[in-house]
Amino acid sequence: MLRVLALLVAIIAVLPVSALSQDGAHIAPALPPAGAKFRLVMDEHLQRVPYSGRVYVVLGRAARPEPRQQMTNWFAPAQTLALDVSGIVPGAPIEVGGTVMSFPLPFAAIKPGTYWAQAVVRRAVDHPSPGQGPGDLYSKPVEVRFDPGAAADGSAIELRLTEQVGQDAFTESEDVRLVEVRSELLSAFHGRDYRVRASVCLPSGWADEPERRWPSVVMISGFGGTHRDIRPLSRVVADKDGKIHDCVLICPDPTCGTGHSVFADSANNGPWGKMLIEELLPEVDRRFRTGGPVTRHVSGISSGGWSSLWLTVKYPEQFAACWSHVPDPVDFRDFQRIDLYAQGANMYTDDAGARRPLARNGGQTMIWYDDFCGMEQVLGRGGQIGSFEAVFGPRGADGQPRPLFDRDTGAVDAATAKAWEPYDIRLVIERGWRGKEGADGLAEQLAGKLHVYAGEQDNFFLEGAARRLGASLRALGSDAEVVVVEGMGHAFSPEGVAKMRAALRAANGATEPQPDGSIPAGK
């Protein structure tokens, strides 16, 4: 008891006088007067050369989670100010005030009040989210009073960027492993060292049978997902005991500096599809004794669902089957209800002039298209719409992905939409259905392989494109399974998961599930 009392006395002794009232109660230090601008200063030990790029000030209502971690929250983004700078000498101040980009509210409309402010300097070139990529700088969150209407010549709120985002370590275990290799293909494209990675979850019994070859599933996460999602994704193929018995699960990291690579070769991102097929998967096969393409399945959800279908269509000889769940638009005549090829197409308004929704929950609009694009304009590269442009579109004269549409009006550029055709999966299948000069076409190469599941109530309006793809495949005489699941939102289809697991059991030669739900490893 005396030790506790002594500790309390010691704590009180070091508290500043302003922190205690006459009766000993804690009082928060008074905040300085409200400011209308911010002054950012980078730590000279962290930024040793002149900086050019985008800097941010993020205003949150709490210190945790940190404001920078809420910048990319689609449904509740933190108030973010952004400014492009050039040649900032280390230690020199950067003033962020009324002329900056601002979202969700314009600078002048931000409500005066108390905020937790945090500054971010974007430096990571291969990460899509500012303030979260390795090497990005940030300040500690500090409580401030901010008023955009305060005197512009008043004192600035100083934010010192003393912190740096580190490289998160990947924790391996007996059944979860990391594969990381230098991609010769992507390194050559970017003119610098480029590394790619995948996580691997091994089935029960893998270590006990060193001569055995296993079926595999390449499971691709959706937008914002990485190879670190292997634990939650493993539940898709695990038994009731939580373990995998029938296959090696492979989760390649799809992220790149512009967003989600979708493992498609592109003019802006480089040969991601070729890298996966020629470099990363062969290395996984070599290390973990998979059966290779003959027993390799591919699956994914959302952007990963699109990826799985794209990879099967482009490299049909590499996969035994595709199980695509709620894929991104697979027919560009219905790109979230927008016909990109239609004359006068507009991303923000429909034919009647009504505002276009981008996301819904039941009958309620959660995100509008114009708002979403406004957020991406402030955040810069790495957003979902910009990611589509980076994969599907050509490179512009400025070296950046050519925009599909005017960001102010929403008007689609017809020439750019036309240039997207090589990534329109429905068109790719139709044009390649019949082989040339007696060779097999996609009709033969895709036979028995395609399984696509969409949700009738998809939260991002993706069901229309799936319906159109299904109609096209039926007209071609394909045996593809394209199902729009009644009442389902943006999720894995239970029916599709069950069918994939049955196919894996068959490939593995496993017996039927036991009464406890487990499945013995087959021979």
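Each remark here, short or long, concerns the structure printed above.
The notes below deal with the structure included here.

Next up on the list: the overall build of the protein. The secondary structure content of the protein amounts to twelve helices and 24 strands. A globule of 523 residues ought to have a C-alpha radius of gyration of about 24 Å, and the protein, at 26 Å, matches this closely. For the protein, the spread of C-alpha atoms along the three principal axes comes to 85 × 70 × 50 Å. Expressed as a percentage of the 523 residues in the protein, the buried residues total 51%. A sequence separation of at least 24 residues applies to 71% of the contacts in the protein between residues at least 6 apart.

Below, the discussion takes up the sheet that holds strand S9 (residues 157-161). Strand order in the open sheet formed by three strands is S4-S1-S9, and the pairing between neighbours is mixed. Lying at the two open borders of the sheet, with one neighbouring strand each, are strand S4 (94-96) and S9. The average undirected angle you get between the axes of adjacent strands in this sheet is 25°. Bridging between strand S1 (residues 38-42) and S9 involves five bridges; their strand directions are parallel. In the sheet register, methionine 42 faces S9, and the bridge partner there is leucine 161.

With that settled, consider the sheet that holds strand S11 (residues 176-182). Strand pairing in a sheet takes place through backbone hydrogen bonds and is either antiparallel or parallel in direction. Ordered in space as S11-S12-S14-S13-S19-S20-S23-S24, the eight strands form an open sheet in which the pairing is mixed. Since the sheet does not close on itself, it has two edges, and those belong to S11 and strand S24 (481-485), each with one partner. With strand direction ignored, the average angle separating the axes of adjacent strands in the sheet is 20°. Pairing of strand S13 (residues 216-220) with strand S14 (residues 248-252) involves three bridges; the strand directions are parallel.

Its place among the elements puts alanine 150 in the loop between strand S8 (142-146) and S9. For the pair formed by alanine 150 and phenylalanine 189, sequence separation is 39 residues and the distance between their alpha carbons is 49 Å. The contacts of alanine 150, once residues within four sequence positions are left out, are Ala34, Gly35 and Ala36.

Let us now look at helix H12 (residues 494-508). The end-to-end C-alpha distance of H12, which contains 15 residues, comes to 21 Å, matching closely the 21 Å that a straight helix rising 1.5 Å per residue would cover. All of the buried residues in H12 are Gly496, Val497, Met500, Arg501, Leu504, Arg505 and Asn508. In this structure, the buried residues of H12 make contact with S13, strand S19 (296-301), strand S20 (321-325) and strand S23 (450-455). Just past H12, the residue glycine 509 takes up positive phi, approximately 75°.

Let us now look at the packing of helix H5 (residues 303-314) against helix H9 (residues 425-432). Interaxial distance between H5 and H9 falls to 11 Å at its minimum, and their mutual angle equals 15°. The angle between H5 and H9 places the two elements in the roughly parallel class. Between H5 and H9 lies a crossing of left-handed hand. In this structure, H5 contributes Trp306, Leu309, Trp310 and Val313 to the contact, and H9 contributes Ile425, Val428 and Ile429.

Here the residue pair arginine 64 and proline 65 is connected by a cis peptide bond, since its omega of -10° sits within 30 degrees of zero. Among the secondary structure elements, proline 65 is positioned in the loop between strand S2 (51-60) and strand S3 (79-88). With an omega of 5°, the peptide bond running from phenylalanine 103 to proline 104 counts as cis. Here proline 104 shows up in the loop between strand S5 (101-103) and strand S6 (113-121). Phi is positive for serine 302, close to 65°, though the residue is something other than glycine. Even without glycine at this site, arginine 337 takes up a positive phi of about 80°. Within the secondary structure, arginine 337 sits in the loop between S20 and strand S21 (357-361).

Our next topic: H5. With twelve residues, H5 extends 16 Å from end C-alpha to end C-alpha; this agrees with the ideal 16 Å at 1.5 Å per step. Of all the twelve residues making up H5, eleven are buried; the element is thus mostly covered by neighbouring parts of the structure. Taken together, the buried positions of H5 are Ser303, Gly304, Gly305, Trp306, Ser307, Ser308, Leu309, Trp310, Leu311, Thr312 and Val313.

Attention shifts here to the layout of surface pockets. Its volume calculated, the second largest pocket comes out at about 740 Å³. Lining the second largest pocket are 30 residues; nearest its centre among them are Thr258, Arg381, Ala390, Gln400 and Pro401. Residue assignment for the lining of the second largest pocket shows that the elements contributing at least two residues are helix H6 (369-379) and helix H7 (384-392). A total of four residues in the lining of the second largest pocket trace back to one element, the largest contributor, which is H7. Classifying every residue of the lining of the second largest pocket gives seven nonpolar, 13 polar and ten charged.

What counts as what
Residues numbered from 1 in each chain as written. Predicted model: local features only at pLDDT ≥ 70, side-chain atom pairs only at ≥ 80, totals over all residues. Heavy atoms only, no water. Helix = DSSP H or I, 4+ residues; strand = E, 2+ residues; numbered from the N terminus. Rg over C-alpha atoms; globule rule 2.2 N^0.38 Å. Buried < 20%, exposed > 50% of the residue type's maximum accessible area, 1.4 Å probe, protein only. Contact = heavy atoms within 4.5 Å. Pairing = 2+ DSSP bridges. Axes fitted to C-alpha atoms, helices over the stretch in contact; angles between N-to-C directions. Expected span 1.5 Å × (residues − 1). Parallel < 35°, antiparallel > 145°, perpendicular 65-115°, else oblique. Left-handed = near helix turned anticlockwise from the far one by under 90°. 1 Å grid on protein atoms, 1.4 Å probe; cavity = no way out; pocket = protein on both sides within 12 Å on 5 of 7 lines; lining within 4 Å. Points joined across faces, edges and corners; volume = space filled by probe spheres on them. Nonpolar A, V, L, I, M, F, W, Y, C, P; charged D, E, K, R; others polar.

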